[in-house]
Amino acid sequence: MTQLPEKTDRKMGLVIDLDTCVGCHACVVSCKGWNTENYGAPLSDQDPYGADPSGTFLNRVHSYEVQPENGPAQLIHFPKSCLHCEDAPCVTVCPTGASYKRTEDGIVLVNEKDCIGCGLCAWACPYGARELDKAEGVMKKCTLCVDRIYNENLPEEDRVPACVRTCPSNARHFGDLGDPDSEVSQLVAERGGMDLMPEQGTKPVNKYLPPRPKDRLNEEIDILAPLLAPVVEEPKGFLGWLDKTLEKL
């Protein structure tokens, strides 16, 4: 079994804004592309163009219709990936030590050479954030693009996870959540960032920003009313004469 570090030097993670995520799945596509070509075994697909396609993804977006106490229903897009928990049960349950948490940045990774594909870590994860790649027989999970964020051959603006770099609505943010002065920590403090399923006691590093309350008007407004209102009460001139003539027919 693998032991968790008592503390980590940093807590690198994601902050996801549920208010601005539009559910476009650009993060899913970019994650699949980057992690198929770089770190570890490629993310495989099974029968991708057939009747029952399936595949391995490190990041997925789920959409839910939520009914507030007041106002109309809202569609919430909920991205989900590994949360790089401080007390990660997926690490301590691994029988070979393949799953581990790095001391230098707190990122949870899988050493695929030691992974036997037993699936215990997937069962231990309460978030369903791990997927067994059917082609390679090893467990796959979000790496925070560890091969990208420290790559000095890339421009500085590209040294963030692929999902963060590609998000068109700026709903995904990356940084050190162990530093209270970092941009992500300040964002969490300002917006009331939340843990996912805190009752599990895993202490996830990734945070979610809740949707902002929607503006409400005191009265319901019919936007078509001005277009449906009569132009004049009684037609005059030629139209008045034509109207009276037609009434006599």
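Criteria and cut-off values
- Residues numbered from 1 in each chain as written.
- Predicted model: local features only at pLDDT ≥ 70, side-chain atom pairs only at ≥ 80, totals over all residues.
- Heavy atoms only, no water.
- Pairing = 2+ DSSP bridges.
- Helix = DSSP H or I, 4+ residues; strand = E, 2+ residues; numbered from the N terminus.
- Axes fitted to C-alpha atoms, helices over the stretch in contact; angles between N-to-C directions.
- Core = buried A, V, L, I, M, F, W, Y, C linked by side-chain atoms within 4.5 Å.
- Buried < 20%, exposed > 50% of the residue type's maximum accessible area, 1.4 Å probe, protein only.

- An unreviewed UniProt entry annotates the protein as 4Fe-4S dicluster domain-containing protein of Marivita cryptomonadis.

1. Overview of the sheet that holds strand S1 (residues 12-17)
Thinking step 1. Pairing is mixed in the open sheet, where 3 strands are placed in the order S10-S1-S11. Only two strands of the sheet have a single neighbouring strand rather than two, namely strand S10 (172-176) and strand S11 (207-209). Across the sheet, the mean angle from the axis of one strand to that of its neighbour is 25°, orientation sign disregarded.
Thinking step 2. Across 3 bridges, the pairing between S1 and S11 is parallel.

2. Comments concerning the nonpolar core
Across soluble globular proteins, nonpolar side chains have a tendency to be buried as a group.
Thinking step 1. Counting 37 residues, the largest nonpolar core has Leu-14, Ile-107, Tyr-127, Leu-144, Phe-174 and Tyr-208 as its most contacted members.
Thinking step 2. Of all the secondary-structure elements, those providing two or more residues to this core are S1, helix H1 (26-37), helix H2 (89-92), strand S7 (108-110), strand S9 (138-140), helix H4 (146-149) and helix H5 (162-166).
Thinking step 3. By size, the runner-up hydrophobic cluster in this structure holds 7 residues, among which are Val-15, Leu-177, Val-184 and Val-188.

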